[in-house]
Amino acid sequence: MVLGKRRRFICDEEEYNIMRKIFKVTLEKDSTLEEESDENVDKHKLCRDYMVEVLKDRLSGLCDGNSEAEQPLPYLIGCYLRANGEEEENQIKLAIGMGFNYTQCCALNTISRQAKELIVSHSLMHLVDSVRLHNRDKDYDASLFLKTHGETNFRESYLLPLLYSKVCGKPFGGFHCPQGFLEQFIKDSDYDSLKLVLTPLYHDLRSKVAVEDLRPGNFEEPLKGLTYLVKTPICAKVLVNHPRWIPKVTDGIEFERLSILGGFFNVSLIPDERLSEKNEWCPRKVISCRLLTRRTNAKSSFSKEVRALTKILHDGLEEVLLSLLRNCETQENVFEYLSEIIRQNSSVTNIQVDPNCGSSGMFVNLSAVMLLLCKKFIDKDLTKRSEIDGTYLFCNPHLDVSDLTTVHASSKEVVAWISEFRKSDGSDLLSNSSEEATSSGSNVGLVSVLSTEKLTNSRGKTRYTIGCKFFFMTARVLHMGLVKSLSELLHLHRKLALNKNILPTLNALLGNAPFPQPEQDMEHLPFGVKKDWQKFCCYLSQILQDKALLKDALSFYRLMVVWLVSLVGGFKMPLPSSCPIEFACVPEHLVEDAIEVLIAVFTYSESLADVIPEMDEFLKFIIMFVASPNYIRNSYIRQRMVELLDLCIRNRRCSSSAITILEGSQLCVEFLVRNLLELYAGKEFIGSPNKLQFRKSILEVLDCLWEIPSHREAWRQIAEEDTGFYVVFLNAVISENIKLLDNDFHRILEETEDEMSSIEDMELVRFLQMQESALIFQFDKGMIGGSISYVIASVAMLAFTSKQIIVPFLLPHMVDIVVTMLNCFLLHLLSLHKRYCIPGRSMKCAHCVVILLKQIVSIYVHLARGDSEEIFAAAISKNSQSYNEQMFIDVARVLHEDSLVPEFIELGTRVNDAALKAIETETSLGEIPNEFLDPIEFKLMADPVILPSTKSVDRAVIQRHLLNYNTDPFNGLPLTQEILIPNVELKAKIERFIISKQSQE
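If you're wondering where the values come from, they're calculated on a predicted model, not measured in any experiment.

**Observations regarding the packing of aromatic side chains**
The way to describe two aromatic rings as a pair is by their centre distance and the angle between their planes. Under the criterion given, the structure shown has 23 aromatic pairs. When the ring of tryptophan 715 is compared with that of phenylalanine 800, the centres are 6.3 Å apart and the planes differ by 90°; the resulting orientation is edge-to-face. Here the residue tryptophan 715 occupies a position in helix α30 (residues 709-721), and phenylalanine 800 occupies one in helix α34 (residues 779-801), the gap between them amounting to 85 residues. When sorted by exposure, tryptophan 715 lands in the same class as phenylalanine 800, which is buried. Through pairs of rings, three or more aromatic residues link up here, namely Phe583, Phe621, Phe625 and Tyr631. One residue, lysine 620, lies across the ring of phenylalanine 571, its end atom 5.9 Å from the ring centre. For the cation-ring pair, arginine 695 lies above tyrosine 680, with the distance from its terminal atom to the ring centre recorded as 4.6 Å.

Given below as structure tokens:
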């Protein structure tokens, strides 16, 4: 291009040639370059003036006969490229010695650098002018970015292809970003100008992310561009001041849709049914299609593809947040953004999720990114856990915990604690706790994630670390994201497992069976089941098969557990008599979330074997709090602890390490058995719909503990040294079995027969395992299976314990209860055995009956062996409602090959002798005075006691009553064994009466 004569410039030929090459211009013939002899002339300044003039002419369109000149920005980018080329060429000339010396090279490079500075400044001016021109009729900061319906029609940022070219290292959209251009552009720009240019660029990056897509090319370039920009403090500042950093909206779904980062966090396989399917690639279609039309290898390949993409997404978003957190000017804005997400979506954890909340995919991604950031301060030894401060949640402007339930404290106790804390600490910080709240919580803050910088209050005292704040945010996000999604995954699994057609494919997906013919499985499924299936596949691919995510979550909750235990004095028992207020104020979801994530991992342990963590701290935590309602009020959480303990011990991949911990830990040996016995006998679970499943889990754990010598010895000591406590446990077990026998034992086996007949090729043990899994049978069928499992587990426990623990069974107030259960079981089982031995009926039910018969007989024999005073035999003979002589003969005939049958027959003989003796005694006593009869059972009292109501009753009878009720049977007032008064005078009268009657014979 030829520029006309404007003025005379002073520069030498070399400098002119450089500028001509860079700017692609020449002077008209009558324009000359002159040399000035004045030594005071600054040649570089004059050259810069010349370049300014050249750019003005070029950009203002003063061209000679060239109507197809380059557009301004492409021209400037080309100039910058040529300037870089001149510098490289000068360096090459200097290196090979082409008449160049170092001074000359530096002088010429100075001209090139000046040219680049001018190019950058003019690029900025051009971009600013373009934005202002385009938006001259718009309210730029408001209407352009805050329209909630549709997008404002504005031109795409000129910087977008340059940014893509920079981060991808290749031309993009016809642009090739010169080396150093964007860096110099950002460095030389003032904040106001850069804000004007970058605001639409950030919007463009958000808009380029496909809302429902997770596939290559849809989010990588925008994410790389965003990551590149926020590494520079001034660009990060522009981002957090963007109108869409925290959009002014009123619900979570709009916040997710409009915020800059919301678009990136939304990239997920997990379907959001509220969003329209804008393209044919929809995860709900593709996931199910790929998984159901290919075999195992294809499934594995697709899962790897998904994990690779999610790793790119999570790593990029981690880098974005990390850059913002490291920048002191943007750090607080990150917490404000997270706080707003949590506030806008507070109802996402409800059973019925508000449809205006953000998507599950967003919260899963946010959970993963937060956990990645937490990895930077979670070391193996948890060395920085002392930086946790539980008061943070009540003294911060970011998290509102007024609606959260605490593990034990009431709202008044929380307010009183925080008020006292402020008085002693002199803190002027704000509180989010509310006296009107039904409950409040205190969260767990922890180590400084990114910095050890402290916040201080107005009096200069040390306050919460950045990591403490971040840890609280992470715990809350996990509750709303990962934990909620795992719960949804388990729910979908249970629903799908009810469908026998889909069950083989479901097992194959989880790695438990060979992959079947999926087309046959899916062909006749209703629409609702197909929809659940597709959703399950999406959750499976993005969450369950992301082992890194689950490992990070378990590391986080290990940290949580260790900190919680530190609030009560560490891993030691017994716990303090009163719950420390710091622990009492912790939100209960922190405890529950840790348990729920572990349960999910163990539920899918076949496919998550390498995710299962070291369980030392988790097991000790469970042992400490599982039977401590004074610490964790919510019985459901403690019930889930037992289920987790059961899953852990029975899991073949974890059982050996778990048993090693249980054997080696003195805390476990001293307290685990006692706590489980206490929890089983507790009355707080009596009304729970999952009572049988819960108690069965306890029995299964106890079954395992009995095989460990140290725990077996601890169990025996409890039975011998604290017999009263152990009798309460035995009564709970036996009473539950009697209730099942009375109510529905026949119905249970009859209705289960149909299920058994459908799996004739399956062994009984395998069938029972299926029943116990709680994933195959649900609702009525699940309750039936649970009842059978409970009966088998409870009878087995009584069988193996009665071999070494006998005394509590034969106590006067227990022996009649034990005999009632055993005799009733024998009669029911003999009746059922006759029914199921008929040809054509299910032999598996008959086999089940035989197993129970053997267990019951073993209990009879074990107790008979320790019955030197014939207490047990006498009690059997007196139980007129359930005892008959024939039942011993019938049992011997059914179990004729069992090794215990001879001893059982011998017991029958002893019972007959005891029955004859009882008849003789009753005959000899004749008519018994009413004064000597127990007013409840109308039997001769052996050890009368006086009640507060002045009534005299037999001690065994009233003790048996107190096992189930803590009231006086005559007036309903509270009653305990301690206030029973022996009636010595009446006892002496009864003894004299018996002696006198015996002497008359």
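**Brief notes about helix α15 (residues 360-374)**
One turn of the α-helix equals 3.6 residues, which is why residues spaced by three or four share an orientation. Between its terminal C-alpha atoms α15 stretches 21 Å, which fits the 21 Å expected from 15 residues at 1.5 Å a residue. The element α15 is largely enclosed, with a buried count of 14 among its 15 residues.

**A closer look at the confidence of the model for the protein**
In this model, the protein carries an average pLDDT of 76, and 75% of its residues clear a pLDDT of 70 or more. Confidence drops under pLDDT 50 across residues 1-10; counting only partners more than four residues distant or on other chains, this segment forms 40 contacts. Per-residue pLDDT stays below 50 along residues 29-46; that stretch engages in 26 contacts with residues further than four places along the chain or on separate chains.

**So, helix α26 (residues 635-650)**
Taking 1.5 Å of rise per residue, 16 residues should cover 22 Å, and α26 covers 23 Å from first to last C-alpha, within 8% of that figure. For α26, a buried count of 12 out of 16 residues is recorded, marking the element as mostly surrounded by other parts of the structure. Every buried residue of α26 is listed here: Ile637, Arg638, Gln639, Arg640, Met641, Val642, Glu643, Leu644, Leu645, Asp646, Cys648 and Ile649. In this structure asparagine 634 caps α26, since a side-chain oxygen of it lies 2.9 Å from the backbone nitrogen of tyrosine 636.

**Observations concerning the pattern of salt bridges**
Scanning all chains against the criterion turns up 27 salt bridges. Its salt-bridge partner being arginine 695, residue glutamate 736 comes within 2.8 Å of it at the nearest N-O pair. In this pair, glutamate 736 is assigned in helix α31 (residues 723-743) and arginine 695 in helix α29 (residues 691-706), connecting sequence segments 41 residues apart. With relative accessibility at 6%, the residue arginine 695 sits in the buried group. Taken together, the shared-partner salt bridges in this structure form one network comprising Glu596, Arg640 and Glu643.

Thresholds applied
Residues numbered from 1 in each chain as written. Predicted model: local features only at pLDDT ≥ 70, side-chain atom pairs only at ≥ 80, totals over all residues. Heavy atoms only, no water. Phe/Tyr/Trp six-rings, centres within 6.5 Å; stacked < 30°, edge-to-face > 60°. Helix = DSSP H or I, 4+ residues; strand = E, 2+ residues; numbered from the N terminus. Buried < 20%, exposed > 50% of the residue type's maximum accessible area, 1.4 Å probe, protein only. Lys NZ or Arg CZ within 6 Å of the ring centre and 35° of its normal. Expected span 1.5 Å × (residues − 1). pLDDT = per-residue confidence, 0-100. Contact = heavy atoms within 4.5 Å. Polar contact = N/O pair within 3.5 Å; in protein donor to acceptor, adjacent residues only side chain to side chain. Salt bridge = Lys/Arg side-chain N within 4 Å of Asp/Glu carboxyl O.

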